[in-house]
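What the coordinates show
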Amino acid sequence: QVQLVESGGGLVQPGGSLRLSCAASGISLSFYVMGWYRQAPGEHRDLVALITIGSNTNYADSVKGRFTISRDNAKNAVYLQMNSLKPEDTAVYSCNAHHPTTGRVYWGQGTQVTVSS
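Residues numbered from 1 in each chain as written. Predicted model: local features only at pLDDT ≥ 70, side-chain atom pairs only at ≥ 80, totals over all residues. Heavy atoms only, no water.

Attention shifts here to the overall build of the protein chain. When helices and strands are counted, the protein chain shows zero helices and 11 strands. In the protein chain, the succession of helices and strands from N to C terminus is β-β-β-β-β-β-β-β-β-β-β. Relative to the compact-globule value of 13 Å for 117 residues, the protein chain shows a C-alpha radius of gyration of 13 Å, a close match. On the principal axes, the C-alpha backbone points of the protein chain span a range of 40 × 25 × 25 Å. Within the protein chain, the proportion of its 117 residues that are buried is 41%. (Helix = DSSP H or I, 4+ residues; strand = E, 2+ residues; numbered from the N terminus. Rg over C-alpha atoms; globule rule 2.2 N^0.38 Å. Buried < 20%, exposed > 50% of the residue type's maximum accessible area, 1.4 Å probe, protein only.)

The strands that make up a sheet pair up through hydrogen bonds in the backbone, lying either parallel or antiparallel. Across the sheet, four strands lie side by side as E1-E3-E8-E7; this open sheet has antiparallel pairing. Every interior strand has two partners, whereas the edge strands, strand E1 (3-7) and strand E7 (67-72), have only one. Sheet twist, expressed as the average angle between the axes of neighbouring strands with direction ignored, equals 15°. Inspection of the sheet shows E1 paired to strand E3 (residues 18-25) by five bridges, in the antiparallel sense. Each bridged residue has a counterpart across the sheet, and for Ser-7 the counterpart in E3 is Ser-21. (Pairing = 2+ DSSP bridges. Axes fitted to C-alpha atoms, helices over the stretch in contact; angles between N-to-C directions.)

A separate point is the nonpolar core. Leu-4, Trp-36, Leu-80, Met-82 and Tyr-93 are the most contacted members of the largest nonpolar core, which has 29 residues in total. Counting residues per element, the ones that place at least two in this core are E3, strand E4 (33-39), strand E5 (46-51), E7, strand E8 (77-82), strand E9 (91-98) and strand E11 (111-115). (Core = buried A, V, L, I, M, F, W, Y, C linked by side-chain atoms within 4.5 Å.)

The next subject is the side chain of Asn-96. Tracing the backbone shows Asn-96 in strand E9. The exposure class of Asn-96 is buried, given its relative accessible area of 7%. Those residues in contact with Asn-96 that sit more than four places away from it in its chain are Leu-4, Val-33, Met-34, Gly-35, Tyr-37, Val-105, Tyr-106 and Trp-107. (Contact = heavy atoms within 4.5 Å.)

Structurally, the position occupied by Val-113 is in strand E11. For the pair Val-113 and Ala-40, spaced 73 residues apart in the sequence, the C-alpha separation amounts to 9.7 Å. Not counting chain neighbours up to four residues away, the residues in contact with Val-113 comprise Gly-9, Gly-10, Leu-18, Leu-20, Met-82, Asp-89, Thr-90, Ala-91 and Tyr-93.

Another aspect to go through is the state of the cysteines. One pass over the structure, following the stated rule, counts one disulfide. Here Cys-22 is linked by a disulfide to Cys-95, with a sulfur-sulfur distance of 2.0 Å. In this structure, the disulfide formed by Cys-22 and Cys-95 twists by about 50° around the S-S bond and is classed as right-handed. Taken as a pair, Cys-22 in strand E3 and Cys-95 in strand E9 lie far apart in primary sequence, 73 residues in all. Here the two residues Cys-22 and Cys-95 agree in accessibility, since each one is buried. (Disulfide = S-S within 2.5 Å.)

This part covers the pairing of E4. For E4, a buried count of six out of seven residues is recorded, marking the element as mostly surrounded by other parts of the structure. Pairing between E4 and E9: seven bridges, direction antiparallel. Paired with Gln-39 across the two strands is Val-92, which belongs to E9. The pairing of E4 with E5 spans five bridges and is antiparallel. Bridge pairing links Arg-38 to Asp-46 in E5.

Geometric values such as these leave the question of function open.
Take a look at the structure:
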């Protein structure tokens, strides 16, 4: 059974930092393109950051320079370091694994990030 489990969300003040983790079981993340997505209430789910199998990265314009995605294949995990957080970053953050050859996709259950004073 494949599982992606996010952790690290919570309540943080504007300007603060959080580090999200996505741990996988049942699959080897080294074969997957990994992404972090977020969905605010009433909004669509949007891509925040992407990391390829070769560790190339891509970011939404709204988080460039503030967020960093990374992967540790030995730990079978992906991370999202979020700095200089803003209230508009408040959302449920979910990780996504996409196999580029088979097209198979897996999602985690999400973790809430709330940025508020």
